[in-house]
Amino acid sequence: IENQMTNKQDMLGWNGVLNLSMVIIACLYISMGFFGYLKYGDNVASSITLNLPQNDILAQSSLLMFSLAIFFSYALQFYVVMDIIGPNIIRPRVSSERMYLFIEYLTRILLTVFTLGLAATVPWLDLLVSLLGAVKMSTLSLMAPALIDSTAHWNSDTRCQFVFRSIKNVIIFTIGFLGCVVGTYISLQDIINNFRGGEDLGSERNMTSLAPGGGPALLNMTSQTEGL
C-alpha cells in the first residue's frame, strides 16, 4: 500500500494510515469480542453470528450484511497474493497481454473456489484456523520482524542503539514465541479432544441447515469462509 501511495510519508507516524486503520480495526474486534462474550459467555460459537436467534429480524439483517460484506470483499484478500504471483510466475510464462489477463482472472477464481471448498468441507474449520493463526501470526507479526530488524541494523547501530534494539527485539521475539507455543498447544489439544470425543462440530452445524428459512446454513458457510 505504501509503495502505491502518492504521499508515502502518510503511511507511518503516530497518526498515519497504518496506525489509524489498525487502531480502528482493533477497537472493532475488541468490542465484538467483549460484547459477544458478555452476552453468551462460554456458549459463544466460533463466529458470534452463529449465536444470533434465527427468527429475529435484526439478527437476519446482520447476517445479510455479513454475507454481502464477504461476497464483495473476499476476493480482494488475494490482492497481495496475485501481486506476487502475477509478475513473478504468470508473466514470464505468458507472451500476450490478453492471455495474461485471462490466466490471472482464472487463477483468482480457482483460489477463491478452493478456499470456499475448504470452508464448506473441512470439519472443525475454526480449530484449524486457530492453529494456523497461532503459528503464522506469531511468526509473521512478532518473531520475523524482530529478527529482520536486528539483522538490518546489525552493522550500522552504535553500541547504545545495538543494546536497546537487541533488548527490544528479544522481548518481542519471546512474546511471539510464547504465543506461538501456547496457541499451538491449545489448538492441537482442542483438535485432539474433538477427535477423541467423536464430536463433529461441522456436522452439527450443517444439521441446523435443515431448519426452516435456511439462515444457519448460510451463516455457517459465510462464517467459515471468513475464517479462511
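These lines cover the structure that appears in this document, whether it is placed above or below. Everything numeric in this text was worked out from a predicted model, so none of it was measured. (Residues numbered from 1 in each chain as written. Predicted model: local features only at pLDDT ≥ 70, side-chain atom pairs only at ≥ 80, totals over all residues. Heavy atoms only, no water.)

## Some words on the overall build of the protein chain
Heads up, the condition is: Secondary structure is summarised from DSSP: a helix means a run of H or I of at least four residues, a strand means a run of E of at least two, and numbering begins at the N terminus for each. Note on contacts: a residue pair is in contact if any heavy atoms of the two residues lie within 4.5 Å. For the area figures, the Shrake-Rupley method with a 1.4 Å probe applies, and any residue is considered shielded solely by the protein chains shown.
For the protein chain, the helix and strand inventory stands at 8 helices and 0 strands. Each helix and strand of the protein chain, ordered N terminal to C terminal, gives the series α-α-α-α-α-α-α-α. Expressed as a percentage of contacts within the protein chain between residues at least 6 apart in sequence, the contacts between residues at least 24 apart total 59%. If you sum the accessible surface of the protein chain, you get close to 16200 Å²; carbon and sulfur atoms cover 70% of it.

## Section: the packing of helix H5 (residues 125-152) against helix H6 (residues 159-197)
Put simply, the rule reads: Here an axis means a line fitted to C-alpha atoms, over the contact stretch when the element is a helix, while the angle between two N-to-C directions is reported on a 0 to 180 degree scale. Roughly parallel refers to an angle under 35 degrees, roughly antiparallel to one over 145, roughly perpendicular to one between 65 and 115, and oblique to any angle outside these ranges. Crossings are sorted by hand: turned counterclockwise from the far helix by less than a right angle, the near helix makes the crossing left-handed, and turned clockwise it makes it right-handed. Amino acids are sorted into nonpolar (Ala, Val, Leu, Ile, Met, Phe, Trp, Tyr, Cys and Pro), charged (Asp, Glu, Lys and Arg) and polar (every other residue, Gly among them).
In the contact formed by H5 and H6, the axes pass within 8 Å of each other and the chain directions differ by 165°. Considering the angle they form, H5 stands roughly antiparallel to H6. The interaxial crossing formed by H5 with H6 has left-handed handedness. Taken together, the residues of the contact of H5 with H6 break down into 15 nonpolar, 10 polar and 4 charged.

## A word on the pattern of salt bridges
Short version of the rule: By definition, a salt bridge exists where a carboxyl oxygen of Asp or Glu is found within 4 Å of a side-chain nitrogen of Lys or Arg. Relative accessibility decides the category of a residue: with a 1.4 Å probe and only protein chains considered, values under 20% of the type maximum give buried, values over 50% give exposed, and everything between is partly exposed.
This structure, assessed with the given rule, holds 5 salt bridges. Close ionic contact of Asp157 with Arg165 constitutes a salt bridge, the shortest N to O distance being 2.6 Å. What makes Arg165 buried here is its relative accessible area of 17%. Through salt bridges with shared partners, a single network forms among Asp149, Asp157, Arg165 and Lys168.

## What to know about helix H4 (residues 97-121)
As a reminder of what qualifies: Each helix should span, by expectation, one fewer than its residue count multiplied by 1.5 Å.
The end-to-end C-alpha distance of H4, which contains 25 residues, comes to 36 Å, matching closely the 36 Å that a straight helix rising 1.5 Å per residue would cover. Along H4, the residues that are buried comprise Tyr100, Glu104, Thr107, Thr115 and Ala119.

These figures come from the coordinates and say nothing about function on their own.
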